[in-house]
Each structure stands twice: as structure tokens, then as C-alpha cells.
Amino acid sequence: MSPFSAASESTRLILDSLPMGVLFCDREGVIRFVNKAYANLLGEAPDALLGRDITEVIPHSRAQVVMREDRPEMGELCQLGPGSAQPVVVNRIPVRDSAGQVAGMVSQALFNDPQELQRLSAKIERLDRKISHYKRRIQASLAPQHSLASILGESPVMRRLKRQAQSYARLDEPVLILGATGAGKELFAHALHAESPRAEGPFVCINCAAIPKDLFESELFGYARGAFSGARQDGKIGQIELADKGTLFLDEIGEMPPEIQAKLLRVLESRNVCRVGSVTAHTVDFRLVAATNRHMAAMLHAGSFREDLYYRINTFVLEIPPLCERAEDIPLIARHTLDRMGLEHVRFSPRAEAAMLTFSWPGNVRQLHNAVVHAATMRQGEVIEVEDFPPETLPGMAGQAAAPAASHRGWSLPNIHGPAGVAGHYQEFSGRPGADIELQGIMADAEAVAIRQALAAHGGNVSATARTLGIARATLYTKLARHGIAPERAGLTRTAGR
């Protein structure tokens, strides 16, 4: 007997009043009940549908499949009526008798109003676009912003570092990047990810110096629902989990609290993360890149950084030199900064260029970039002068660009010519207290004399002098400022003596 054959009149009235369509067919696929909403979707009267095979009414019906497999099909989009009819969302559910055997199938049509379906479809489409938008934003925020090609610097040390980074990128072992603030550690971290097999995965950057100590654990490892008061009800994924299939960059890892260091070590060894307040571990697959401007040997000696973690993260080491040790790159970086500002026509005066080359740049590339932006903004014409640079750099730059002739520790330049030369002066001072320090001064004076003579020989031409001495032009500028030598005056001296 059909489950609907004995239905009371009140049951039929209830089913007919529902906004959703309801249809029941027995084990043989014969329609035994259909309410008004379903019949309207099929374009027939309810009585005209009873006793007919469901495939006669709905040729593509999956009723027999659902009954044979005894498995419901939920949320299927199906066209029930004539060819031009709007599709509806259908649920197909097997019906069992008192013995637990499949006796038929109930089909639910969730929408009998095409306009309602259209509204829902439009809403789903809007949500899909919004999800796609947020997905693109998340992917963009977790993508590397720099590659090796975008890192400026053609000095020998930078070329060597780029080759080294390219080799490290192919591997999956941790990399420790050392360098002063502003030297470009984060740029190399981005490049390591961009050049690695994990480039399509996320690049998650965490500044350990910017996270409050009481939030460190939940930020790195995440937390479960209700882990602590004020926590999100649905919990939060940690930054380490977010880096799954990608790269985790821990900037300023030397600022990480000791108790977090121990937990990070366990994650690196087990590749499992357990959120705060949870006992369930999540497997993570990431490559670690860490960076610090701290002196790690001193931290290990003081006990502020775990030795076992240090040896776990320093499989490969990249040491970024300060800008003052690669002065050849200064003009390139400064020019690039102007070009990015759309100031291709603006140039530096010779005095400003020489001052940039001789300034120590304690803030490294970051300070140089900011200083050039400041100078470009403050310039009066198409040429940037020393005076256009920020006040904190101007005294040092102007002082070094126009330094007086050198005198070392209160004694004048010794005459190192003649048979005794430097060796004679070394013998003269070697028996006195502080002889090693004075020897350094003598060697510096010898260098200054050699530079003056080479400059005089080339009429003050810095490029020719640098070639003669076998050093880069930027290096020569640094030495000129150190010794207080003005190339123009050296050239005039040579000319006057001819």
C-alpha cells in the first residue's frame, strides 16, 4: 500500500498548501501522490498525474537510481516542466516501509515560483563574485612582492648573494637571513619564495617585533573555539597554518619570546600545529625563512635564544652587507627611486652624488630611499643638491663632501718617501705605546699619498684614477672623503707643477 493511499483529507490539505512541491512514486516508479505545487511545475492537474510512470512525466527522472542505491540526492538543479520552464532545486529521498525496505521515493521541489528562484540565483551569483573578490585579495596579500630580478644591486657582493639565494631557493631547508635594519632582508625572503617550487603557495610574513608577547601564541598557532574570554566563537587559524604549502617568513626572529621558541621548535620537528585550547593537531607543510638584525652568537651566549632552535633554522645563511660596504649600488638605488617617482628628468649634482657615496647610511637602503624622496621633493630645479637631503643626513653628507685635509690623532702627515718609507716609520713607532694604532694611521696616510699622486697624474680625473688604482669609482669616492681629498685641487696641483 502506498504511504499516501491512506492519507487523511487533512493531510492532503496540508501538503497541498505547502509552497514546495511534493511527489511520491512507488518502487515501480508509479506516481502515487503529487501536491498542487509540484503539479503546477509539471504543467498538469494532480489527478492527471496519478498512476502514471514518473519517466513518462519526467523523462530524465533519477527515481530508480535513488531507490536502487538507497541514497538521497540533495540540492540538485532540475528542469521539471516543458523545455522553456525555469529549473528548480530538487531533493530526492528514498522512502522505507515498516520492514526497512525501500518502498518508493519522495521528490521535493523547493521552488515553485520562478521569480523566487531567480532572486536566489542572483543572490548566489553576488555571493560568488564577492567570494572570488576576497579570494583574489587574499591570494594577492599572500603572494611574494619581490623577486631576485627586482632586488637592486650590481656590486660583486650583491651578485654573489643573488646567486647564493637562487641556489637556496631550489631547496626546501630553512634559511636564516642576517643583516642590519633596512639592508633588504625582507626582499630576499620574498625572492627566496618566488624562486622556489612553493611559489604558487602562500607567503606568510610575521614581524616578531610587532606582536605583543601575550598575543604571540594565538597569532602564530591560532586558537580553538572558546579558548579564552574575548576569543572568536568559531576560533582562529594561526599564521603557521596559513602558510601551509608555502613559505613562513619570521622577520626579527630574535625578538621571539623563549617559551614561543620552544613551541616553534616542536612544530618544525613534528610538522604539526595544535591551536590554543585544542587537543587536535593539524599537519602543516611549509618552508621556513627567518631573519634578524641581532647578533645571534651574543644571544646564544646570553641564553635569550635557544641553541637547538638556532641550529634548526640556520641550515643555510644569507648575510646582507650594509649599504656602506657596497657603495657601488648607491647611484643605482637612488636613480631607481627617482624613476619610480616619475622624475626621470631629475639628476643629482656631482657634489650630491659624491656626498651620497661617502655618507655612511646607518639606515641602509631604507634610509637612502627616504632621503632621495625627501631631496626630490625639496629640490628647486631639475638638479638635486646636497642641501635638499633631510636634516639628519645633511650634516654628515656635507661634512664628508667638504672635509678638511686629514690629520690623524693630532700628528701631521709623515713623510713616507725615501729609503725608509713605511718600514722606517714602523720601526720608529713600533717600540712606543699604541704603536699598532699609529701604524694604522701611517698606512692610511700612505694610501692618501698614493691617491693624491694618482689624481695628480690624471689631472683630477676620478674615473682614470680609479682604473689606475684598480678600484671601483665609488670606492675611490669613499676613500677621497675619508682622507679629505678634493679631486679638483689634486688636478690643479699637478697642472701647476708642469
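Above this text sits the structure in question.
Report follows, based on the coordinates.

The rules behind each value
Residues numbered from 1 in each chain as written. Predicted model: local features only at pLDDT ≥ 70, side-chain atom pairs only at ≥ 80, totals over all residues. Heavy atoms only, no water. Helix = DSSP H or I, 4+ residues; strand = E, 2+ residues; numbered from the N terminus. Buried < 20%, exposed > 50% of the residue type's maximum accessible area, 1.4 Å probe, protein only. Contact = heavy atoms within 4.5 Å. Areas by Shrake-Rupley, 256 points an atom, 1.4 Å probe, with all protein chains shown as cover. Phe/Tyr/Trp six-rings, centres within 6.5 Å; stacked < 30°, edge-to-face > 60°. Polar contact = N/O pair within 3.5 Å; in protein donor to acceptor, adjacent residues only side chain to side chain. Pairing = 2+ DSSP bridges. Axes fitted to C-alpha atoms, helices over the stretch in contact; angles between N-to-C directions. Core = buried A, V, L, I, M, F, W, Y, C linked by side-chain atoms within 4.5 Å.

## Notes on the overall build of the protein
From N to C terminus, the protein includes 22 helices and 16 strands. For the protein, the proportion of its 498 residues judged to be buried stands at 42%. Within the protein, counting contacts between residues at least 6 apart in sequence, those at least 24 apart form 62% of the total. Carbon together with sulfur atoms contributes 53% to the accessible area of the protein, which is approximately 26500 Å² in total.

## Details of the packing of aromatic side chains
With the rule as written, the count across this model stands at five aromatic pairs. Each ring, one from Phe-203 and one from Phe-249, has its centre 6.1 Å from the other, and the planes form 25°; the classification is stacked. One end of the pair, Phe-203, is in strand β7 (residues 203-207); the other, Phe-249, is in strand β10 (residues 246-251), with 46 residues separating them in the sequence. For the residue pair Phe-203 and Phe-249, the accessibility class agrees, reading buried in each case. Ring geometry for Phe-348 against Phe-389: centres 6.5 Å apart, planes inclined by 25°, an arrangement best described as stacked. Residue Phe-348 is found in strand β15 (residues 347-348), and its partner Phe-389 is found in the loop between β16 (383-384) and α17 (394-401); the two are separated by 41 residues along the sequence. A relative accessible area of 2% places Phe-389 in the buried class.

## Some thoughts on the environment of Arg-32
Along the chain, Arg-32 turns up in strand β2 (residues 31-34). In this structure Arg-32 comes out as partly exposed when scored by relative accessible area, which is 39%. Measuring from C-alpha to C-alpha, the distance between Arg-32 and Gly-51 comes to 6.1 Å, with 19 residues separating the pair along the chain. At 2.9 Å, the side chain of Arg-32 forms a polar contact with the side chain of Asp-26.

## As for the sheet that holds β2
Overall, antiparallel pairing links the five strands, which are arranged β2-β1-β5-β4-β3 in an open sheet. In the strand order of this sheet, the two ends are held by β2 and β3 (73-78), each with one partner. Averaged over all adjacent pairs, the angle separating strand axes in this sheet is 25°, with direction ignored. Pairing geometry for strand β1 (residues 21-26) and β2, over three bridges, is antiparallel. When the sheet's bridge partners are listed, Leu-23 is paired in β2 with Val-34.

## Topic: unusual backbone geometry
Even without a glycine there, the phi angle at Arg-271 is positive, about 60°. Within the secondary structure, Arg-271 is located in the loop between α11 (258-270) and β11 (272-274). With a relative accessible area of 24%, Arg-271 lands in the partly exposed category. One non-glycine residue, Asn-364, lies in the positive phi region at around 60°.

## Focus: the nonpolar core
Buried together is how nonpolar side chains tend to be arranged in soluble globular proteins. Ranked by size, the top nonpolar core spans 33 residues in total, and within it Phe-348, Met-356 and Phe-389 carry the most contacts. Every element with two or more residues in this core is listed here: α14 (330-340), α15 (350-358), α16 (364-378), α19 (435-457), α20 (462-469) and α21 (473-483). Every residue in contact with Phe-348, bar those within four places of it in the chain, is listed here: Ala-334, Arg-335, Leu-338, Glu-353, Met-356, Val-372, Val-383, Ile-384 and Phe-389. Ile-211, Phe-216, Phe-286 and Leu-309 belong to the second-largest nonpolar core, a separate cluster that totals 31 residues.

## Structural notes on the side chain of Thr-337
With respect to the secondary-structure elements, Thr-337 resides in helix α14. Polar contacts involving the side chain of Thr-337 include one to the main-chain carbonyl oxygen of Ile-333, which spans 2.9 Å. What Thr-337 contacts, discounting residues up to four positions off in sequence, is His-369, Val-372 and Val-373.

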